[in-house]
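The chain contents come next:
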Amino acid sequence: MNTPKNHILVIFGASGDLTYRKLIPAVFDLHNQNLLPDHFAILGLGRTALSNADFRKKMKDGIEQFALNKPSNEAELNAFLDKLFYYSFNTKAADEYAAFKNHLWELNQQCQTEGNFIYYLATPPSMYEIIPAHLAEQGLGDESNGFKRLIVEKPFGYDLGTAQKLNGHLLKHFKEEQIYRIDHYLGKETVQNLLVTRFSNGIFEPLWNRNYIHHVEITSSENIGVGNRGGYYEGSGAMRDMVQNHLLLLAGLVAMEPPALIDSTSIRNEIAKVFHSLRPIKEEDVPKYVIRGQYTASNIRGKQMKGYREETGVDPKSRTETFVAMKLFIDNWRWADVPFYIRTGKMLPTRVTEIVIHFKPTPHHLFADDETISKQSNQLVIRIQPDEGLLLKFGMKVPGAGFKAQNVNMDFHYSNLNETYLPSAYERLLLDCMLGDSTLYHRGDAVEAAWKFVDPILKAWEKDCCIKVHGYPAGTWGPDVSDDLIDEPDITWRYPCKNLSDDGNYCEL
Ligand code: BG6
């Protein structure tokens, strides 16, 4: 494994939750595996006045709670904490950047990090245009004396127009190769495994097309509500929060053509091609293809659950969607007319992300009494989380007289692999950026193509108040009308359980 070059990771928004819960614990996990360079430092930035000692104390707590590898002893943890520094300044104010620049170069001198800096924007999106511009004004984007990379968190834009504007703005100050647009789904081991499952197995790829696949289903459900993020979520909703990025990405990985190479250009070209092939949904067709819902108060196993409109920071008359189900098509040779059904929601019965490939049934049903397509077809379930693994459903003879077939499960669970460490998404993505590998980061044109697809839906919702926001009781699988999207009588969504291969009527949620 390559080790990154010596560098400083500069985190804007270092007093926030993302830094505490995800970023620092992920870097600690890298440290634990000796994946950091010999000369390395983290410089946390923010308006909150903190000393280095305060910052280290807070991050220590974050590491103890959220790192995958808990520190085994104090000395090891302190060796890592010694690499953490904090500098407080107003990151909005252009005139404070000169002093910041001096501070950064002094730290670079002290830590021997060779002028290599990664800037991580863990800030509200309103800062995404301001910070890069001020950095560039100070020459802090100039790579003649060390690499300078910029990691931008989602949301990347609010709609197509703002995403284009943001891309244009960033590209004024940094080159595309310097910009790393993060989508933590791409950092998940099981999401990357989609590529390996598809392109390293001779048995799947020949079947992976409209001739053999009946439809594709993608679900990302959560069993929690918006919690304390109501303020953010009101301006976002499930379409912007999950569909535009994570769900379309999963669809892109399922649908993409084999890349020529496993490298950033080839893989990102293929994903972008899928996004460009998404069949546009016209504003007037939105109700036919897209269902939106919002959770309402309910009682789950004796526990009273709030409705979305009662959450902190949420308008009591809010029409923000916490659930989206939609039917989409990818207009190319491989996928013409194969429906992709995707859905996501908060406060559903369980937390599951999975992709189900539904193969076409055999042309002649020799063995079935019951000829429903769903009972006759093979399904490949690719489980992203939890109980990560793969499940293949296929027909077997029911023992005894006659020839009756029944679908059975063949399953693989990552947890069965001994000694397999699944790195966190942030750990993988941060390491890739440190190594200068942008394969698992979004490219600007793909982000815009995804917005272009989603934009008419958002516009239709905004303009036409007759498009219903369906209420669904918290703890259920969303509005029942989402079943109507699948307009074939004997096909429904799969209702997954926490455990990949449990699919009886009763299961653990
Ligand atoms: C984030 C969304 O991008 O993804 C959250 O902003 C959501 O609303 C989260 O909860 C889901 O991520 P994961 O990894 O738990 O599936």
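See the structure printed just above.
Let me begin by describing the structure that accompanies this report. (Residues numbered from 1 in each chain as written. Predicted model: local features only at pLDDT ≥ 70, side-chain atom pairs only at ≥ 80, totals over all residues. Heavy atoms only, no water.)

## Examining the packing of aromatic side chains
Inference 1: As enumerated under the stated definition, the model contains 23 aromatic pairs in all.
Inference 2: Ring geometry for Phe117 versus Tyr119: centroids 6.4 Å apart, planes at 55°, classification tilted. The exposure classification of Phe117 matches that of Tyr119, with both residues buried.
Inference 3: Every member of this aromatic cluster is reached through a ring pair, and the members are Tyr232, Tyr233, Tyr295, Tyr308, Phe323 and Tyr472.
Inference 4: Of note, Lys58 hangs over the ring of Tyr20, and the distance from its end group to the ring centre comes to 5.6 Å.
Inference 5: The side chain of Lys188 reaches across the aromatic face of Tyr185, ending 4.7 Å from its centre. (Phe/Tyr/Trp six-rings, centres within 6.5 Å; stacked < 30°, edge-to-face > 60°. Buried < 20%, exposed > 50% of the residue type's maximum accessible area, 1.4 Å probe, protein only. Lys NZ or Arg CZ within 6 Å of the ring centre and 35° of its normal.)

## So, the environment of Lys22
Inference 1: Position of Lys22 among the secondary structure elements: in helix H1 (residues 17-32).
Inference 2: Classification of Lys22 by relative accessible area gives partly exposed; the value is 44%.
Inference 3: Residues Lys22 and Trp335, 313 residues apart in the sequence, show an inter-C-alpha distance of 37 Å.
Inference 4: With sequence-adjacent residues up to four places away left out, Lys22 is seen in contact with Asp17 and Tyr426. (Helix = DSSP H or I, 4+ residues; strand = E, 2+ residues; numbered from the N terminus. Contact = heavy atoms within 4.5 Å.)

## Considerations on a nonpolar patch on the surface
Inference 1: Taken together, Leu366, Phe367 and Phe403 make up a surface patch of nonpolar side chains, about 370 Å² in accessible area.
Inference 2: A residue is classified by how much of its surface remains accessible, and Phe367, at 42% relative accessible area, is partly exposed. (Patch = residues over 30% accessible without salt bridge, like charges linked within 9 Å, V, L, I, M, F, W, Y side chains within 5 Å. Areas by Shrake-Rupley, 256 points an atom, 1.4 Å probe, with all protein chains shown as cover. Salt bridge = Lys/Arg side-chain N within 4 Å of Asp/Glu carboxyl O.)

## A word on unusual backbone geometry
Inference 1: In the segment running from Lys154 into Pro155, the intervening peptide bond is cis, with an omega of 5°.
Inference 2: Along the chain, Pro155 falls in the loop between strand S5 (148-152) and helix H6 (160-173).
Inference 3: With omega at -20°, the peptide bond leading from Gln385 into Pro386 counts as cis.
Inference 4: As for its position among the elements, Pro386 is in the loop between strand S14 (379-385) and strand S15 (389-397).
Inference 5: Of note in the backbone geometry, Asn34 takes a positive phi value of approximately 60° without being a glycine.
Inference 6: Structurally, Asn34 is set in the loop between H1 and strand S2 (40-46).
Inference 7: Phi is positive for Asp387, close to 45°, though the residue is something other than glycine.
Inference 8: A relative accessible area of 18% means that Asp387 is categorised as buried.

## Some thoughts on the environment of Lys393
Inference 1: Among the structural elements, Lys393 can be located in strand S15.
Inference 2: Given the relative accessible area of 11%, Lys393 is considered buried.
Inference 3: Considering only alpha carbons, one finds Lys393 and Arg351, 42 residues apart in sequence, at a separation of 22 Å.

## So, the site of the ligand
Inference 1: Every residue near the ligand is listed here: Lys154, His184, Tyr185, Lys188, Glu222, Arg229, Asp241, Met242, His246, Lys346, Arg351 and Gln385.
Inference 2: Tyr185 is positioned such that a nitrogen or oxygen atom in its side chain is 2.6 Å from an oxygen atom of the ligand.
Inference 3: Contact distances for the ligand include 2.7 Å between an oxygen atom and a side-chain N or O atom of His246.
Inference 4: When isolated, the ligand has an accessible area of 400 Å², and the protein chains bury 82% of it.
Inference 5: Broken down by element, the shell around the ligand gets its largest block of residues, three residues, from helix H9 (residues 237-255).
Inference 6: Taken together, the residues that form the shell around the ligand break down as two nonpolar, three polar and seven charged. (Near = heavy atom within 4 Å. Polar contact = N/O pair within 3.5 Å; in protein donor to acceptor, adjacent residues only side chain to side chain. Nonpolar A, V, L, I, M, F, W, Y, C, P; charged D, E, K, R; others polar.)

## Some thoughts on the pairing of strand S7 (residues 213-221)
Inference 1: Counting buried residues in S7 gives nine out of nine residues, a clear majority hidden from the surface.
Inference 2: One ladder, built from eight bridges, connects S7 with strand S13 (residues 352-359); its direction is antiparallel. Residue pairing in the sheet places Ser220 in a bridge with Thr353 of S13.
Inference 3: Pairing geometry for S7 and strand S12 (residues 340-345), over six bridges, is parallel. Note that in S12 the partner of Val216 across the bridge is Phe340. (Pairing = 2+ DSSP bridges.)

## Comments concerning the packing of H9 against helix H14 (residues 444-463)
Inference 1: H14 packs onto H9 with a crossing angle of 145° between their chain directions and a minimal axis gap of 10 Å. Crossing of H9 against H14: the hand is right-handed. Listed contacts from H14 to Met239, Arg240, Gln244 and Leu248 of H9 are Val447, Ala450, Trp451, Phe453, Val454, Ile457, Leu458, Trp461 and Glu462.
Inference 2: Looking at the contact of H9 with H14, its residues break down into ten nonpolar, one polar and two charged. (Axes fitted to C-alpha atoms, helices over the stretch in contact; angles between N-to-C directions. Left-handed = near helix turned anticlockwise from the far one by under 90°.)

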